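A closer look at the structure
Chain by chain, the residues run as shown.
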Amino acid sequence: MGTKNVKQKMKEMMHAGKDVKTREGPPSPVLPQKRAEGDQTVFHIYKGVKVFSFCKRKNLLLTGGMDRIIRVWNPYMPGKPTGMLRSHTAPVSYIHVASEDSKIFSMSIDNAVKIWDLETHSCLFTASSKASGIEGEFATCLYLPGPRALCVATDAVALLQLRLRSAPEPNLVLSHQEPVVCCGYNPTFRHVVSCSEASVVKVWDLDTGRHLSEFIGDHGNSGVTCLTFDSSGRRLVTGGRDGCLKIWTYNNGYCLHTLTHDEKQSEVCDCTYLEVNQNKYIIAVGWDRRINMYFDAPCDFHQFWKPLPPWQDDLEHGHKEDILCVAQCPPFLLATSSYNGEIIIWNVISGHMYCKLNTPSHLDGPGHGEGPDHSVSCITFLKTRAIKLDPVAASLMANGPGGSVTFWRLFGEAGLMANFTPSREKTQVSRLAVTAGDALAYLADQQGFVHVYDIKDYGLQGPELQPPKNVTFWRAHVSTVTSLELIEEENILLSSSLDGTVCLWSRDGACIGTFGQSRPWNIFTPSSWSHPRRPDKILIDSQNTTAHPIQEGDALSGNQGQEEQVNTMEEKVHDEIEKICNLHSPEDSIVEDEVKEIMNKQFRFFYSSSLKPALNRPSKKVPEPRWPSIYQSLRCHEIACVSALGEKPNLSIIGSDLLDVNFRPQEEVELPTKHWSSV
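What counts, and at which threshold
- Residues numbered from 1 in each chain as written.
- Predicted model: local features only at pLDDT ≥ 70, side-chain atom pairs only at ≥ 80, totals over all residues.
- Heavy atoms only, no water.
- Salt bridge = Lys/Arg side-chain N within 4 Å of Asp/Glu carboxyl O.
- Helix = DSSP H or I, 4+ residues; strand = E, 2+ residues; numbered from the N terminus.
- Buried < 20%, exposed > 50% of the residue type's maximum accessible area, 1.4 Å probe, protein only.
- Pairing = 2+ DSSP bridges.
- Axes fitted to C-alpha atoms, helices over the stretch in contact; angles between N-to-C directions.
- Lys, Arg positive; Asp, Glu negative; His and termini not counted.
- Polar contact = N/O pair within 3.5 Å; in protein donor to acceptor, adjacent residues only side chain to side chain.
- Contact = heavy atoms within 4.5 Å.
- Phe/Tyr/Trp six-rings, centres within 6.5 Å; stacked < 30°, edge-to-face > 60°.

Enumeration according to the criterion identifies 15 salt bridges in this entry. Residue Arg 507 pairs with Glu 488 through a salt bridge whose shortest N-O separation is 3.8 Å. One end of the pair, Arg 507, is in the loop between β39 (502-506) and β40 (511-514); the other, Glu 488, is in the loop between β37 (481-487) and β38 (492-497), and 19 residues separate them in sequence. Relative accessible area serves as the criterion here: at 22%, Arg 507 is assigned to the partly exposed category. One continuous salt-bridge network, built from bridges that share partners, spans Arg 190, Asp 207 and Glu 490.

And the structure:
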């Protein structure tokens, strides 16, 4: 792959050319001499090399090819690579070493972009083509060190730019060091189980919040995506990005069975446990676009289980895009939703499709039609209505594009009954939960807010033009809520988020605590709960100032409006103090005084730090920043963080946001994408 004496070889070739010209007779071609074995360095690589990159500063050579492995070489030691980076699922088409940041950028022909740590060889970030929106045949790629951007050319040109922000507060309570992707409550043992992107499973005590146990690497180097429990509550079922389901005795972390469905390792997005006619099944859905049913036979001691044959309707009329969510309504209804906004209702006894629902594209609203996200990622049955097969009432609730929530009629003439948008910023709804009697609906979004709506009589008599009554809302997390579950017997709410926290709440939004905090709580003793309304991480977040539109409504113009807003805020805080203090017993007068003092201090802090500066701002509203007119046709996509199938990522340094990647211990990085439809 190289020569040790390039100048000498060049001189020899020049002299050979002169000798040919001086000879008499017809010219004869000059054949290059065979290079001496001692004058070259040969690297033997399985399946050859497709791309390579040499870093002079680090004196490293990186190669990639058809075997999907990136090899790190010492140029003077060709016998064996010093490192092997295994994570790509397609041949590697681009490699670049950013020595100034000690990072490696790579891309494969399936348009997946990865960022690696040059020192530890761990995968820090993965953006799949579906997450980034980069489509078409790969042509070329270029890293721009100045703006720290990766330029990718396919059918269009995409620019992935790295943006830095300050690190989070160091003293905040975290349940996991990595983003939490799912959590669930086990009523048999009164345990809460949470899973993170780094394939870490933790078990917590519901009553006190204490950490009981944990086990890691349950899906190898791949992240966990979903979980469920069997009917007895003694076994845990997890799904991962490696395309497998695993059944665990989660108390000791022992894997009982591994459930596989294809050889492509298609990611599992959601799973559920279902009982039909005394038969028990595990149902999984994901990127293979099929409903995979596994018969749960505890007497079967084989390590690996295969799914049952697929339904014929699923093969012929099923989803054409990746399935993102599955929900059940005993005794026989099953619902699945996909990336293109399609919802299908199934009869699990016969395997036939009951009806198909398509989310209208007009729900995007103005300014949302350009985006590619029409996905329906969470659905839930209104079971009291669905069991009755009510032909008039809405029996299914789902999220939709543009931050909308939709209600669907399933029986009689199936169709859309109502839709509304909880967030004024049109933030995408990420999770849904409904009380046992379908009286209240809890909606969580990607900004961490939880909205509560009264839906007891909503959609019962026909289509609805107005949204249901909003009971309350609060901010539970500072990032996307990934799980939301109502624990009916205790009247509490369980939530998890990409910010690394798992929290417990009362039904009206009082914070009981964050799993992982040093001080235990007692769910039956409100005086042992955390801050009466929000954890510290929420209180210090910049989006919780009164200027945030989702909390205060439309902005008031002028100083007078700001003063009225301050007075309203003060009244709300004092009402909140009295409300919380009433939860204590008469003997707790000392505790009441302490709570009042803390709440007043926090209000004074917010008033001095965020409200007073607002009074001095000019009354004229500053226009929102917009793209230059030449870029009005750009399509912008967000890049989701997807854990790799190869080397286990060192996610302890990654921030709470999926769009963030730490390039330095004190910095986080976001990768927004910009697309040019025509170059």
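Moving on: the sheet that holds strand β33 (residues 429-434). Taken together, the four strands give an open sheet; going across it, the order is β33-β34-β35-β36, and neighbouring strands pair in antiparallel fashion. Each edge of the open sheet is held by one strand with a lone partner, namely β33 and β36 (469-475). Averaged over neighbouring strand pairs, the angle between their axes works out to 20° when direction is ignored. Two elements, β33 and strand β34 (residues 440-445), share five bridges in a ladder whose sense is antiparallel. Among the inter-strand pairings, Val 434 is bridged to a residue of β34, identified as Ala 441.

With respect to the helices and strands, the residue Asp 270 is situated in strand β21 (residues 268-276). Arg 431 provides the closest opposite charge to the buried, salt-bridge-free Asp 270, at an N-O distance of 6.7 Å. Separated by 3.1 Å, the side chain of Asp 270 and the backbone nitrogen of Val 326 make a polar contact. Once residues lying within four places of it in the same chain are set aside, the contact partners of Asp 270 are Cys 226, Ile 283, Ala 284, Val 285, Leu 324, Cys 325 and Val 326.

Before going further, it helps to spend a moment on the side chain of Asp 445. Inspection of the secondary structure assignment puts Asp 445 in strand β34. Among the polar contacts listed, one links the side chain of Asp 445 to the backbone nitrogen of Gln 447, at a separation of 2.9 Å.

Moving on, we come to the sheet that holds β37. Sheet strands pair via backbone hydrogen bonds, and the direction of the pair is either parallel or antiparallel. Reading across the sheet, the four strands line up as β37-β38-β39-β40 and stay open at both edges, with antiparallel pairing between neighbours. The sheet terminates laterally at β37 and β40, the two strands that pair on one side only. Between one strand and the next, the sheet's axes are offset by a mean angle of 20°, whatever the strand orientation. Note: β37 against β38, six bridges, orientation antiparallel. Paired with Leu 484 across the two strands is Ser 495, which belongs to β38.

To continue, consider unusual backbone geometry. For the bond running from Pro 330 to Pro 331, omega is 10°, close enough to zero to count as cis. Position of Pro 331 among the secondary structure elements: in the loop between β25 (323-329) and β26 (333-338). Of note in the backbone geometry, His 121 takes a positive phi value of approximately 65° without being a glycine. Inspection of the secondary structure assignment puts His 121 in the loop between β7 (113-117) and β8 (123-127). Here the phi dihedral of Ser 199 falls at roughly 65°; this positive angle occurs in a residue that is not glycine. In this fold, Ser 199 is placed in the loop between β14 (191-196) and β15 (200-205).

What follows concerns the environment of Gly 48. Residue position: Gly 48 is located in the loop between α1 (6-22) and β1 (51-55). The partly exposed category is assigned to Gly 48, whose relative accessible area is 29%. Linking Gly 48 and Met 66, residues 18 residues apart in sequence, is a C-alpha distance of 7.2 Å.

Turning next to the packing of aromatic side chains. Centre-to-centre distance and the angle between the planes together describe a pair of aromatic rings. Considering all chains together, one arrives at 13 aromatic pairs under this definition. Aromatic pair Phe 215 and Trp 248: ring centres 5.1 Å apart, planes at 40°, arrangement tilted. Linking Phe 215 in strand β16 (residues 211-216) with Trp 248 in strand β19 (residues 244-249), this pair joins segments that are 33 residues apart in sequence. Trp 248 shares its class with Phe 215; the two are buried. With a centroid separation of 5.9 Å and 45° between ring planes, the pair formed by Trp 474 and Trp 505 is classed as tilted. Residue Trp 474 is found in strand β36, and its partner Trp 505 is found in strand β39; the two are separated by 31 residues along the sequence. In this structure Trp 474 comes out as buried when scored by relative accessible area, which is 0%. Connected via pairs of aromatic rings, a cluster forms that spans Phe 407, Phe 420, Tyr 453 and Tyr 458.

A large share of strand β35 (residues 449-454) lies buried, amounting to five of its six residues. What sits between β34 and β35 in their antiparallel hairpin is a turn of three residues, with Gly 448 showing a positive phi close to 90°. With six bridges joining them, β35 and β36 adopt antiparallel strand pairing. Residue pairing across strands places Tyr 453 opposite Asn 470, the latter belonging to β36.

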